[in-house]
Amino acid sequence: MMYSDSSSSDEEFLALTALLENGDTSSIGDKRLWVHQINVERKTYGEYHTLMPQLRKDPKRFYLYFRMNSECFDQLLSFIYKDIEKQLTSFREPISPEERLVVALRFLATGDSYKTIGYSFRMGFSTVSNIIKEVCEAINRKMINIYLPEPTQSTWLQSAETFLQKWNFPNAIGSIDGKHVTIKCPNNTGSRHFCYLKKFSVVLMAIVDADYKFVCVDIGGYGRNSDGGIFEASIMGQRFQNKTINVPVDQPLPNQQEPTPYVLLGDEAFPLKSYLMRPFPYRQSRQEHTKDLFNYRLCRARRVVENAFGILSKKFRIYSRPLEMNVDTVNTVVLATCILHNFLRVNTSGDTDYFEYIEQEQTPDLNALESLINDPRRGSNEAFEVRNKFINWFIQNEL
């Protein structure tokens, strides 16, 4: 049996098959059958082979190039090494797992096109495309249960404790928001992905804890829908509605007697629910101190999700421009960045100084992560009662 590198283009494989079937093997040794002449000297002039040894010697430049330190890079490679390793064949030597990871991380860090990456690393454009997809799939498969697992009761309780300690908001288990991820117009999708910003997008919906880590994500919602509609239609939203997502039973607010639900903190794009708090309309809050106080405390705690999205888009510049890939691949890549975000939040808390250099980079910001439109629906009476409990607690415990 012949093993072939799955990252080779279909044209190359078909050409080789035709030669073998016709009994013509005289051209198999000709590298032009396999790679472009520019790519023949990949090991001599390719970016991985020329730059990687130097980056290993400079921690700051390494961090700027990969958005992580060398220890995290090596740990990440150890997670997915077997999944992205290709078998050596008698026709040519496959691209190493480390080089594959370098290509994928460089794409995520810069958002450069497949052609730009291909020219830099001396690889075929289809090869770059396949490598990026395979590496992201491997990250999702190997790391999701470690860095983005299904939340348990202890997960929610720990998040609630941290929200109270850091943001002085009791019984808050997460901050929720959704962002448009700009994409190239998908084929045969009509207007489903066309959003109010006059561009095509998929929606990244996320719940974030008080330490800026993603707890739950839902990816792939149609851009034309609102945050609230996407959340309610998602598996994540349905599980909150049906109380099957391991949220702890109601507990009294500090120094109170009456049980109060654990809640998510959202903005005006979400409807008011017994498990989801949203701010009062601006006009109402400016006329009443209690409503203004509630809005201040909620927005103060809710901003962690905005900060998390900001960190995500600053580290991975693929979000600064439209993603030119099919929707399934977009979903795969976006999920991989969320997992990597959590991985780096856990493992690189001491790299603050290096991250400041990323913030200084002069890169265009095309606002690829945009907020969604507001949801005007009125909440239920139960939701109003829950919100009033928080208002009363804030009045008694002003900052």
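The rules behind the values
Residues numbered from 1 in each chain as written. Predicted model: local features only at pLDDT ≥ 70, side-chain atom pairs only at ≥ 80, totals over all residues. Heavy atoms only, no water. Buried < 20%, exposed > 50% of the residue type's maximum accessible area, 1.4 Å probe, protein only. Helix = DSSP H or I, 4+ residues; strand = E, 2+ residues; numbered from the N terminus. Pairing = 2+ DSSP bridges. Expected span 1.5 Å × (residues − 1). Polar contact = N/O pair within 3.5 Å; in protein donor to acceptor, adjacent residues only side chain to side chain. Patch = residues over 30% accessible without salt bridge, like charges linked within 9 Å, V, L, I, M, F, W, Y side chains within 5 Å. Areas by Shrake-Rupley, 256 points an atom, 1.4 Å probe, with all protein chains shown as cover. Salt bridge = Lys/Arg side-chain N within 4 Å of Asp/Glu carboxyl O. Contact = heavy atoms within 4.5 Å.

**Let's talk about the pairing of strand 1 (residues 172-182)**
When a strand is regular, its side chains alternate between the sheet's two faces. Counting buried residues along strand 1, 11 of its 11 residues qualify, which places the element largely inside the surrounding structure. In the sheet, strand 1 pairs with strand 6 (residues 263-265) via three bridges, with the strands oriented parallel. Looking at the pairing, Ser-175 lines up with Leu-265 of strand 6. Sheet topology note: the strand 1/strand 2 (residues 201-208) ladder contains eight bridges and is antiparallel. Pairing of Thr-182 across the sheet is with Ser-201, part of strand 2.

**Brief notes about helix 15 (residues 327-347)**
If you check helix 15, its first and last C-alpha atoms are 30 Å apart, about what 21 residues at 1.5 Å a residue would give, namely 30 Å. Of all 21 residues that make up helix 15, 17 are buried, and the element is covered over most of its length. The residue sitting at the N-terminus of helix 15 and contributing the capping side-chain oxygen is Asn-326; that oxygen lies 3.2 Å from the backbone nitrogen of Asp-328.

**Quick notes on a nonpolar patch on the surface**
Nonpolar side chains collect at one region of the surface, where Ile-38, Tyr-119 and Phe-125 lie side by side and expose about 290 Å² of accessible area between them. Judged by its relative accessible area of 51%, Tyr-119 is exposed.

**Regarding unusual backbone geometry**
Phi is positive for Asn-171, which is not a glycine, with a value near 55°. Its location among the elements puts Asn-171 in the loop between helix 10 (153-167) and strand 1. A positive phi angle, near 60°, is found at Lys-243, a position not held by glycine. Tracing the backbone shows Lys-243 in the loop between helix 12 (235-242) and strand 4 (251-252).

**A closer look at the side chain of Lys-291**
Note that Lys-291 resides in helix 14 (residues 289-315). Residue class for Lys-291 comes out buried when judged on its relative accessible area of 16%. Residues in contact with Lys-291, not counting those within four places in the same chain, are Phe-280, Gln-284 and Ser-285.

Read these as spatial facts, not as claims about activity.
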